[in-house]
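Overview (structure and organization)
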Amino acid sequence: MKETRLGEFEEVLLLLVGILGDEAYAFKIAEEFESQTQRAVSIGAVHSTLNRLSEKGFLTSEMGNSSPERGGRRKRIYTITATGRRVLIEARDFKTSLWEQYPGFANG
Amino acid sequence: MDNNNNHTAPRLAEVLLLWFLKEELAEEVLGDLEEKFHYTAVHRSVLRAKVNYWYQVFQYLRPFAIKNYRSNNSKLNIMYQHNFKISLRNILRNKGYSLINLGGLTVSLTVVILIGLWTYDELSFNSYHSNMDNISQVMMAYHSPGEDIKVGSSLPPALGTLLKDNYSNYFDEVAMIRSRPEERIFTSDKGHFTESGYFMQPAGAKIFSLNMLKGDINGLKDMHSILISETLAKKLFGDKNPLDQSITMDGNTNLVVAGIYQDLPHNTSFSNASYFAPLDLYIHGWSDLTAWDNYFIHTYVQTKPNVKQSTVSSLIKELMLPHTDEESGKRYLFLLPMDKWHLHSEFENGQPVNGKRLKFVWLFGAAAIFILALACINFMNLSTAAAERRAKEIGIRKSLGSLRMQLMSQFLIESSLLAFLSFLSALIIATLVLPWFNNIAVKEITLPVSNPWFWSFGIGLSLITGLLSGTYPALYLSALHPIKSLRGGFNAGRKGVLFRKTLVIFQFTISILLISGTILVYQQIQHAKDRPSGYSKANLLVIPKRSGEMYGKYQTFRTELKKSGAVMEVGEANYPITNTLGNNNGFDWDGKSPSFDPSFNTIVVNYDYGKTIDWEITEGRDFTSDLPSDVSKSVIITESAKRLMGFDKAVSKELRFSRDYFGGNRFTIVGVVKDMIKGDPFQAPRPAIMFLTDHELPFMFVRLTPELHIAEALTRMETVVKGIAPSAPFNYNFIDEEYGAKFRAEERAGKLVSIFAILAIFISCLGMFGLVSFITEKRTKEIGIRKVLGASLSNLWRTLSLNFIYPVIIACLIASPIAYYIFSNWLHSYDYKIEISWWVFGISGMAAIAITIITVSYRTIKAALLNPIKNLQSE
């Protein structure tokens, strides 16, 4: 298995997959990323990262249904795995613990 | 979305994407991109959508998405490194075979490098002149009735003047040059120097873009000026500044050095010119630039950049017609562009033909390629014969999943590595033998190490050699069946053996061709050398009278020289005896058909000429001073002239001549002599007519007393000459040396062909040796068992050797008719030639067979002598 730490981009994508649920495929994720972060991203970049997250075992995917605007082609729907969920929680907890040690913000 | 629905994503981008994208990703990616496209088209604009589509496609150029990008776990870099290492190990492990391959390839690549340089030198002839593309020489075709069309370059001076005056909108420059180099003696305070150069009009310096180191390119405008080469300037003045210095030509003309030009390189037409003097000076006092009736000029033109040479050719074609006699035939002019001067300047019946030089370029080029092929064949044969040794390696590689392409690349790397190593050693050898090669080929070639083209050519050459020798083994070895090769007892199969035999036959065919070629070339040279020349060459000298001081003293010279005891006889003629200068037509005799007007070699001699050169009278008598009536009345002709005139008995027949160059128009033939070989000793003799004069003539011939030692005779002769003409520059040439020079080109070809032959047989035998060693090694056990069972040495030798000898016999049978065809074609260009006899091929074949038997026997006898116990012990 490859490296299991999450990069920032990877973390966001993982979260977006969770948010989008049944609609989590490369194009939708890229759109959602752009609208949520106001940062441009290419589908290729998103796809590549999704692929990497799958190799790490944080995501699984299967082919979903097709739609006319895709020229009748099916989409690959990504789903977060248990490991994926765990690293997300770990990442959040780690950051929270850091925040708690931060003096000025310690009490909110 | 609805009204934009007809817009489709850019087709080309889609094609590009599908080209590099992994197939399994195609559906989802195309779908995503199309969705994005429609989304952008609706919310933004169609153009933006299209641009964005392209952007998205390029964004998919990522490792995870690209086809075959590390599709499996093999690391290509490591694999190639490994291939390289295995190749090196293989080369080092089989030292013997590698040496044979390396040796053969090195030798043949050396030949290819040298011949390549030589060919380049020939093809780049005259490229030193920066106006090369626009320079042409004016040539003339003689259409004489009843004869083949002849092409010549000697023209009357008036033609050049006409071209210069009336055709200036076609030509940048026109220059006339004396048609052949003139040997002159130059005197400065450093001494006398005999130099050869040209008399030329001033524009010539510009046409040929002489690189003036000092002085003016128009320096020849003054009649008493001269341009000299850098080398001559060094000789005449040492380190002094030669410009505006005065030198003396032939002891009587003072000239001022108007310029010094960089020596013309050896691969230019005028490379032999160590000076250029004004043409005006040459013709001063006896001709002028408007003469139409004297042909002694070469005319060169530089056409304007936009003018086609063929256009000018058709324009000037008929310019000579008004100035020539219609009856003696029409003369048409044309331009010969400079790039054709060297290799394409031979004509047969008016049509350009492949000349001797061009034939040599083809011949040597072909020989070099064949020799390279021989070495490549060695590589092929040895590596396929050795397939068994590597069968296991191949089997293992294949079962581990090596693709056939990967195996092939392994073998190709091996052969390319070997070829490259050979190229490097060939370069070193070429550098070492270049001086020797230049000496044989009469060239001044250097290795163009600073020329990037040379290096790219060299690397290309080693790659091609690697591919040429590696492809077949690579195909052959990579096709081996893994199970069969791993099980052992693998047999190379009859197909491989047959193929190897065919290649061996090819090698020896080439070798035998070259051996018989060598024999034939040397036979032909010897044949021409043994040809009776019609005069006696030994101890005969010619002294050109180059100074006015030597004239008017013939009788004194003659008596004094004879009195000195060093000289038997002295005579004179108006031309040297080793060339065929001086030709005339316009003769008439009884029984001649009116349309027949052959040209004769016409020379003027004095009474003593015949005795001096020792010609052989076959009919009639020699000229004699007892009969003063002979002068300007009697002629002696050669046998071929007699045949041409159709006389049974020539003596006392009358000969009429249309002009009075020879002191009259009517002559009586008083004698016939054997043909004298003055020109090309390989061609038919020129029919000649000798006229008698009592004037003094420019060439003095001296026959030395054979009893006296040459050095002693020469000293005595020089004392006498210096005594009579003290300040005249004095030099002499031996006739037998000048005659020998006529064979240089053929001797050179002979030498090169013999070198090729030796190399070819060497490389072929090297390969043969490798094959034999390999096979005997493989059959060691068999030999042991045979010996134990009582086979004799000769038995074993026969079993092992015959297989190798019979391909050579087949090669003999193939080579003989091919050699006969090629060399009878070659001999076709000579008039005086040998008959090809079949024993030549017999001898070449026997030689090849003998060498093969020696090579093969060395290995087979060694193997047969081995102790059988040792043979059988090893397991």
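Residues numbered from 1 in each chain as written. Chains lettered and ligands numbered in written order. Predicted model: local features only at pLDDT ≥ 70, side-chain atom pairs only at ≥ 80, totals over all residues. Heavy atoms only, no water.

Turning our eyes to something else, we now look at the overall build of chain A. Per the secondary structure count, chain A includes 4 helices and 2 strands. Walking chain A from its N terminus toward its C terminus, one meets helices and strands in the order α-α-α-β-β-α. Here the C-alpha coordinates of chain A stretch approximately 55 × 35 × 20 Å along the principal axes. Split into buried and exposed, the 108 residues of chain A put 38% on the buried side. Once local pairs closer than 6 in sequence are excluded, the contacts in chain A between residues at least 24 apart make up 52%. Here chain A has roughly 6300 Å² of accessible surface; of this, 51% comes from carbon and sulfur atoms. The averaged location of the 15 negative side-chain charges in chain A is 5 Å from the averaged location of its 15 positive side-chain charges. (Helix = DSSP H or I, 4+ residues; strand = E, 2+ residues; numbered from the N terminus. Buried < 20%, exposed > 50% of the residue type's maximum accessible area, 1.4 Å probe, protein only. Contact = heavy atoms within 4.5 Å. Areas by Shrake-Rupley, 256 points an atom, 1.4 Å probe, with all protein chains shown as cover. Lys, Arg positive; Asp, Glu negative; His and termini not counted. Charge placed at Lys NZ, Arg CZ, Asp CG, Glu CD.)

Residues and elements named next belong to chain B. In this structure, glycine 552 sits in the loop between β15 (540–544) and α17 (554–563). Residue classification places glycine 552 among the exposed residues on the basis of a relative accessible area of 67%. Along the chain, glycine 552 and histidine 82 lie 470 residues apart, while their C-alpha atoms are 89 Å from each other.

Between chain B and chain A, the residue contacts involve 20 residues of the former and 21 residues of the latter. Both sides together, the interface formed by chain B and chain A hides about 1900 Å², and carbon and sulfur atoms give 52% of it. For chain B, the biggest contributors to the area lost against chain A are Glu27, Glu28 and Glu35 of chain B; these three give 33% of the whole. Inspection of the chain B/chain A interface yields 6 salt bridges. Across the salt bridge formed by glutamate 35 of chain B and arginine 70 of chain A, the nearest N and O atoms sit 2.8 Å from each other. Counting every contact that joins chain B to chain A gives 12 residue pairs in polar contact (both at pLDDT 80 or more). Contributing elements (two or more residues each) for the side of chain B that touches chain A: α2 (26–43) and α3 (46–59) of chain B. In terms of residue class, the side of chain B that touches chain A is built from 8 nonpolar, 4 polar and 8 charged. (Buried area = accessible area lost by both parts, 1.4 Å probe. Salt bridge = Lys/Arg side-chain N within 4 Å of Asp/Glu carboxyl O. Polar contact = N/O pair within 3.5 Å; in protein donor to acceptor, adjacent residues only side chain to side chain. Nonpolar A, V, L, I, M, F, W, Y, C, P; charged D, E, K, R; others polar.)

How big an interface is tends to be stated in terms of accessible area lost as the parts join. Looking at the assigned domains, one finds that chain B contains domain 1 (2–59), domain 2 (75–123 + 355–491), domain 3 (132–354), domain 4 (494–532 + 737–875) and domain 5 (540–736). Here the C-alpha centre of domain 5 of chain B lies 98 Å away from the C-alpha centre of domain 1 of chain B. (Domains from an automatic or database assignment.)

The subject of this paragraph is the UniProt feature "domain: Transcription regulator PadR N-terminal" (unreviewed entry) in chain A. According to UniProt, the "domain: Transcription regulator PadR N-terminal" (unreviewed entry) feature falls on residues 19–88 of chain A. The annotated region residues 19–88 of chain A carries 50% helix and 21% strand content, and the separation between its end C-alpha atoms amounts to 13 Å. (UniProt positions renumbered as here; feature names shortened; annotations may be inferred.)

Before going further, it helps to spend a moment on the UniProt feature "domain: MacB-like periplasmic core" (unreviewed entry) in chain B. Here, the residues flagged by UniProt with the feature "domain: MacB-like periplasmic core" (unreviewed entry) are residues 98–318 and 509–719 of chain B. Note that residues 509–719 of chain B is 25% helix and 26% strand, and that its end C-alpha atoms are spaced 61 Å apart.

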